[in-house]
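# Tertiary structure, described
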Amino acid sequence: MKVTDCGIHGFQEVIGIDTDDIRFYWSLVSNDGNLRQVAYRVILWIAAGPVASATNSVCWDSGRVQSDAQRNVVYTPIASFQSTTFHYWQVTFVGYDATALWQAGENVIGAHVGNGFYAGDQGSRLFWPTYEDNTYVRYGNELYFFAEIHLHYPDGSHDTIITDPSWEVRKSATSLANIYASEDFDRRQYPGGWDSP
């Protein structure tokens, strides 16, 4: 993964700050769709140049933060920012891959999905538009799960596992999931060992 865009308050560069706190953001891109940010560390310093070093005057070090947040990462200084100085910052991040989840021998990939607000139950919320037969208009009707797992071996070879018709599917144990009615999850709907080799 690499940073493709970053800045504060939605801008890559700013001249002058008239607020009590600053909000960092960054965007990541990866050729491996399985990688996700799981932690970050932001360092802010005053220096003559944009390269972090031991001689810099560090204003703030967030330390390692377990979070996938990439926007509105807030820093509120104890004292005001020094005027007529240049402040620089950098973000380091930790990506996620599934290597640690794989075991020697047979492995199984399992996932469950819920209807959510995308294709969920209207319940008593009547503000959604309706069709002529009085059924409400929702965003979608079908649930989908897509996966693409890349396996890299010590000898340099590479395999890819993708979801296709050979995957087994059954009714989800999550029968309701939306921001208004919470979630209904009945684990009894799953057979024993459904996610085990």
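Residues numbered from 1 in each chain as written. Predicted model: local features only at pLDDT ≥ 70, side-chain atom pairs only at ≥ 80, totals over all residues. Heavy atoms only, no water.

Using the criterion set out here, one finds seven aromatic pairs in the structure. The interplanar angle of 55 degrees and the centroid separation of 4.6 Å between the aromatic rings of Phe24 and Trp89 together place this pair among those described as tilted. Pair noted here: Phe24 is in strand S2 (residues 22-29) and Trp89 is in strand S6 (residues 87-96), with a separation of 65 residues, a long-range link. Between Phe145 and Trp167, the ring centres sit 6.3 Å apart and the planes meet at 50 degrees, which makes this aromatic pair tilted. In this pair, Phe145 sits in the loop between S6 and strand S7 (148-152) while Trp167 sits in the loop between strand S8 (158-162) and strand S9 (174-178), placing the two residues 22 residues apart along the sequence. A relative accessible area of 39% means that Phe145 is categorised as partly exposed. (Phe/Tyr/Trp six-rings, centres within 6.5 Å; stacked < 30°, edge-to-face > 60°. Helix = DSSP H or I, 4+ residues; strand = E, 2+ residues; numbered from the N terminus. Buried < 20%, exposed > 50% of the residue type's maximum accessible area, 1.4 Å probe, protein only.)

As a further point, take the sheet that holds strand S1 (residues 2-8). Strands sit in the order S1-S2-S5 across an open sheet of three strands; the sheet is antiparallel. Since the sheet does not close on itself, it has two edges, and those belong to S1 and strand S5 (73-75), each with one partner. With strand direction ignored, the average angle separating the axes of adjacent strands in the sheet is 25 degrees. The pairing of S2 with S5 spans three bridges and is antiparallel. Following the sheet pairing, Phe24 is matched in S5 by Val73. (Pairing = 2+ DSSP bridges. Axes fitted to C-alpha atoms, helices over the stretch in contact; angles between N-to-C directions.)

The next thing to look at is the pattern of salt bridges. Overall, the coordinates contain two salt bridges when judged by the stated rule. The salt bridge partner of Asp61 is Arg41, with a shortest N-O separation of 2.4 Å. Of the two residues, Asp61 sits in strand S4 (residues 57-61) while Arg41 sits in strand S3 (residues 36-46), which places them 20 residues apart along the sequence. According to the relative accessible area criterion, Asp61 is partly exposed, its value standing at 34%. The partner of Arg188 in a salt bridge is Asp186, and the shortest N-O contact between them spans 2.9 Å. (Salt bridge = Lys/Arg side-chain N within 4 Å of Asp/Glu carboxyl O.)

Our focus in this paragraph is the sheet that holds S3. Strand pairing in a sheet relies on backbone hydrogen bonds. The paired strands run either parallel or antiparallel. The three strands lie next to each other as S4-S3-S6, forming an open sheet whose pairing is antiparallel. Edge positions in the sheet fall to S4 and S6, since each of these pairs with one other strand and no more. Recorded for the sheet is a direction-independent mean angle of 25 degrees between the axes of neighbouring strands.

Right, let's get into the nonpolar core. With 11 residues, the main nonpolar core is built from Ile8, Ile22, Phe24, Trp26, Tyr40, Val42, Leu44, Trp60, Val73, Tyr75 and Val91. For this core, the secondary-structure elements that each account for two or more residues are S2, S3 and S5. If near-sequence neighbours (up to four positions away) are discounted, Tyr75 is found in contact with Asp21, Ile22, Phe24, Leu44, Cys59, Trp60 and Phe81. (Core = buried A, V, L, I, M, F, W, Y, C linked by side-chain atoms within 4.5 Å. Contact = heavy atoms within 4.5 Å.)

On to the side chain of Asp21. Looking at the element boundaries, Asp21 is found in the loop between S1 and S2. Despite being buried, Asp21 has no salt bridge partner; Arg23 is the closest side chain of opposite charge, sitting 4.5 Å away. If we skip the residues at most four places from it in the chain, Asp21 touches His9, Val74, Tyr75, Thr76 and Pro77. (Lys, Arg positive; Asp, Glu negative; His and termini not counted.)

Nonpolar side chains collect at one region of the surface, where Tyr96, Leu101, Trp102 and Ile109 lie side by side and expose about 360 Å² of accessible area between them. Here Tyr96 is to be found in strand S6. (Patch = residues over 30% accessible without salt bridge, like charges linked within 9 Å, V, L, I, M, F, W, Y side chains within 5 Å. Areas by Shrake-Rupley, 256 points an atom, 1.4 Å probe, with all protein chains shown as cover.)

Turning our eyes to something else, we now look at unusual backbone geometry. Non-glycine residue Asn72 carries a positive phi angle of around 55 degrees. Position of Asn72 among the secondary structure elements: in the loop between S4 and S5. Owing to a relative accessible area of 54%, Asn72 belongs among the exposed residues under this scheme.

When you line up the elements, Gln37 lands in strand S3. Exposure remark for Gln37: the relative accessible area of 5% places this residue in the buried category. In terms of polar contacts, Gln37 uses its side chain to reach the side chain of Trp26, at 2.9 Å. Engagement of the side chain of Gln37 in a polar contact is seen with the backbone oxygen of Ala69, the distance being 2.8 Å. In this structure, Gln37 is in contact with Met1, Trp26, Leu28, Ser67, Asp68, Ala69, Gln70, Phe93, Val94 and Gly95, ignoring residues within four places of it in sequence. (Polar contact = N/O pair within 3.5 Å; in protein donor to acceptor, adjacent residues only side chain to side chain.)

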